[in-house]
Amino acid sequence: MENGIEKKGSETEVLWQPENYYCPRPEVPSAVILLNNGISESNVKSVLQWWCNELLQGVYCDRIPKKQQPATSQEVNISQPILRSKPTLCLRIPINIWRIGASIRICVDGATNHFHHLMWQQQGATACHCPCPLPDVISGDFDSIQPDLLKLYSAEGVTIVPTPDQDETDFTKAVRVAAGLIRERQTSVNHILVVAGSNNNRFDHVLAIVATLYKAYQITSTPVVVVWGGSLFWVLGAGQHRIQVPAELCRNPSSSWCGLVPVGQAATATTTGLKWNLDHQTLAFGQLVSTSNTYQLPPGGGDVTVTTSGPLLWTMGWMTEPGLFKRKYSELQNGF
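Because the structure is a prediction, the values reported are computed rather than measured. Here the residue numbering is sequential within each chain, running from 1 through the sequence in written order. Restriction of local features to residues with pLDDT of at least 70 applies here, the model being predicted, together with a cutoff of 80 or more for giving and counting side-chain atom pairs; totals for whole chains, interfaces and linings are based on all residues. The side-chain values count all of the structure's non-hydrogen atoms but skip hydrogen atoms and water molecules.

Asks: I'd love a proper account of helix α5 (residues 147-155), names of residues and values included.
Replies: Residues of α5 that are buried: L149, L150, L152 and Y153. Counting from the N terminus, the helices are DSSP H or I runs at least four residues long and the strands are E runs at least two residues long. After α5 finishes, the residue G157 shows a positive phi value of roughly 95°. Whether a residue is buried, partly exposed or exposed follows from its accessible area with a 1.4 Å probe, protein chains only, as a fraction of its type maximum: under 20%, in between, or over 50%, in that order.

Asks: Any chance you could break down the layout of surface pockets for me, citing the residues and the numbers?
Replies: Cavities and pockets were defined on a 1 Å grid built from protein atoms only: a cavity is a group of points that admits a 1.4 Å probe but offers it no way out, a pocket is an open group of points flanked by protein on both sides within 12 Å along at least five of seven lines, and a lining residue is one with an atom within 4 Å of any such point. Grid points are joined across faces, edges and corners, and a volume is the space filled by probe spheres set on the points. For the largest pocket, the calculated volume is near 460 Å³. Put simply, the parts of the chain that give the lining of the largest pocket at least two residues each are α6 (170-185) and α7 (203-219). Ranked by residues supplied to the lining of the largest pocket, first place goes to α7 with four residues. Residues are grouped as follows: nonpolar covers Ala, Val, Leu, Ile, Met, Phe, Trp, Tyr, Cys and Pro; charged covers Asp, Glu, Lys and Arg; every other residue, Gly included, is treated as polar. Of the residues contributing to the lining of the largest pocket, the split by class is seven nonpolar, nine polar and six charged. For the second largest pocket, the calculated volume is near 230 Å³. Along the wall of the second largest pocket there are 17 residues; nearest its centre are W16, Y217, S221, P223 and V235. Those elements giving two or more residues to the lining of the second largest pocket turn out to be β2 (11-16), α7 and β12 (239-245).

Asks: Now, about the sheet that holds strand β11 (residues 231-236): what can you tell me, with residues and values included?
Replies: Here, a strand pair is defined by DSSP locating no fewer than two bridges between the strands. Sheet architecture is open: ten strands sit in the order β8-β7-β6-β3-β9-β10-β11-β18-β13-β16, paired in mixed fashion. Every other strand in the sheet has two partners, leaving β8 (159-162) and β16 (290-294) as the edge strands with one partner each. Direction aside, the axes of adjacent strands within the sheet are offset by 20° on average. When strand β9 (residues 191-195) meets strand β10 (residues 224-228), the two strands line up parallel, connected through four bridges. Paired with V195 across the two strands is V227, which belongs to β10. Residue contacts are defined here by distance: any two heavy atoms, one from each residue, within 4.5 Å place the two residues in contact. Where helices are involved, their axes are fitted lines through C-alpha atoms of the stretch in contact, as for all axes, and angles between N-to-C directions lie from 0 to 180°. Against the sheet, α6 engages β3 (30-34), β6 (102-108), β7 (137-140), β8, β9 and β10, with an angle of about 150° to β6.

Asks: Residue-level account of the pattern of salt bridges, with values.
Replies: Any Lys or Arg side-chain nitrogen located within 4 Å of an Asp or Glu carboxyl oxygen qualifies as a salt bridge. With the rule as written, the count across this model stands at eight salt bridges. The closest approach of N and O atoms between R242 and E13, which form a salt bridge, is 2.9 Å. Pair noted here: R242 is in strand β12 and E13 is in strand β2, with a separation of 229 residues, a long-range link. The exposure class assigned to E13 is buried, which follows from its relative accessible area of 7%. With a shortest N-O distance of 3.5 Å, E168 and K215 are connected by a salt bridge.

Asks: Before we move on, can you summarise the packing of aromatic side chains with the specific residues and values?
Replies: Stacked, tilted and edge-to-face are the three classes assigned to paired rings of Phe, Tyr and Trp, where Trp is represented by its six-membered ring and a pair needs centres within 6.5 Å; plane angles under 30 degrees give stacked, over 60 edge-to-face, the rest tilted. Counting across every chain of the model gives four aromatic pairs. Their ring planes at 20° and their centres at 5.0 Å tell us that W16 and W234 sit as a pair that is stacked. Taken together, the residues span a long stretch of sequence, with W16 in strand β2 and W234 in strand β11 at a distance of 218 residues. W234 gets classed as buried once you look at its relative accessible area, which sits at 0%.

Asks: Account for the confidence of the model for the protein chain, with residues named and values stated.
Replies: Parts of the prediction with low pLDDT should not have their coordinates interpreted in detail. Averaged over every residue, the pLDDT of the protein chain is 78; the share at 70 or more is 70%. How sure the predictor is of each residue is captured by pLDDT, a score from 0 to 100. Between residues 44-93, whose pLDDT stays under 50, and residues either more than four places distant or in other chains, the model counts 169 contacts. Per-residue pLDDT stays below 50 along residues 123-130; that stretch engages in 25 contacts with residues further than four places along the chain or on separate chains.

Asks: Which residues make up the environment of E168, and what values go with them?
Replies: Inspection of the secondary structure puts E168 in the loop between β8 and α6. Residue E168 is classed as buried on the basis of its relative accessible area of 16%. The spatial distance from the C-alpha of E168 to the C-alpha of A208 is 9.5 Å, given a sequence separation of 40 residues. Among residues more than four places away in sequence, those in contact with E168 are K173, R176 and K215.

Asks: Could you give an account of the side chain of D109, with specific residues and numbers?
Replies: With respect to the helices and strands, the residue D109 is situated in the loop between β6 and α4 (111-121). His is not counted, nor are the chain ends, whereas Lys and Arg count as positive and Asp and Glu as negative. No salt bridge forms around the buried D109; measuring N to O, its nearest opposite-charge neighbour K173 is 7.7 Å away. Setting aside residues no more than four positions away along its own chain, D109 makes contact with S139, G140, D141, F142, D143, S144, I145 and D170.

Asks: For α7, give the residues involved together with the corresponding values.
Replies: Residue pairs three or four apart in sequence face the same way in an α-helix, which turns once every 3.6 residues. In this scheme, a helix's expected span is set at 1.5 Å multiplied by one less than its residue total. Between its first and last C-alpha, α7 extends 24 Å over 17 residues, near the 24 Å set by a 1.5 Å rise per residue. Those residues of α7 lying buried are I209, V210, T212, L213, Y214, A216 and I219.

Asks: Could you give an account of the side chain of K173, naming the residues involved and the relevant values?
Replies: Secondary-structure assignment places K173 in helix α6. We call two N or O atoms a polar contact when they sit within 3.5 Å, provided that within protein one can donate a hydrogen and the other can accept it, with sequence-adjacent residues counted only if both atoms are side-chain atoms. One polar contact links the side chain of K173 to the main-chain carbonyl oxygen of T163, over a distance of 2.5 Å. Non-local contacts of K173, meaning those with residues more than four positions away in its chain, are made with D141, T163, P164, D165, Q166 and E168.

Asks: Kindly report on the pairing of β11, identifying the contributing residues and their values.
Replies: The element β11 is extensively covered by neighbouring structure, given that six of its six residues are classed as buried. In terms of strand pairing, β10 meets β11 through three bridges, oriented antiparallel. Of the residues in β11, the one forming a bridge with V227 is L232. In this antiparallel pair of consecutive strands, β10 and β11, the connection spans two residues, and G229 shows a positive phi of 60°. With six bridges joining them, β11 and strand β18 (residues 312-317) adopt antiparallel strand pairing. When the sheet's bridge partners are listed, W234 is paired in β18 with W314.

If you want it as structure tokens, here you go:
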């Protein structure tokens, strides 16, 4: 198996492992894209509620470029070495996605402002342990990033990639940048994870992200998965797919939902492992759309299979409870 592709005789099946998306492991390499609304201002203000020592004791630090104290509270401060507690879970931003297993990290435009502010908020701890990496790349048309940050992060070795084309979104252009880096570095990446804005109230932005997923399917062979609040979603291309559903998602009503949505064109699909399976049925807007579905799997979890004649948007819930991550990451404590 390579990048989730399995050969079964003459047929190819794509394997999807959601647990690796919301609870990443160091041995499963990924690229991460942080979108402009992936970290909101309200998230930054409550950041101290997300990070704690309950799971992993001790703190870690990261050096970020230096700057004078900001003149106003609205300015992003670039401070002395930043010390911060190890996180259990960022309830709205899965920051561990950025830290664990990512071999390529991209901040998109204004996301850099909030990323930097997030790091600054952690100032004040007293010890140093494992660093949280800076971005490899900052990309975008740079209409929302603070200009000083471009200069300062560039001075720290972060690659700045202007993408001024207004016919594509910054997300689409970031996928192109990620695909180029994967080729350039000849890096084996299992998937590209996109941290999107769970507090974004712009429905047109939601549609733009979905449109990019359909375009990304043509840009790169590396699967692209969006993490949006308590949702995961990605595009299933024509063919056979197997989605491994962990036990905790089957047992928890708040995260056991899923759906198959035809966007732009109809698709005929057959499924197993769902409460309401499809049997060579056509999905299309104005006809049948499989939303608010759930799993019909053993308590220990299992596989959902999807065979589709055309692209479908798969969406599912994931558990955001800190207790889950305490269990998942307890065995990694010595590695941090």
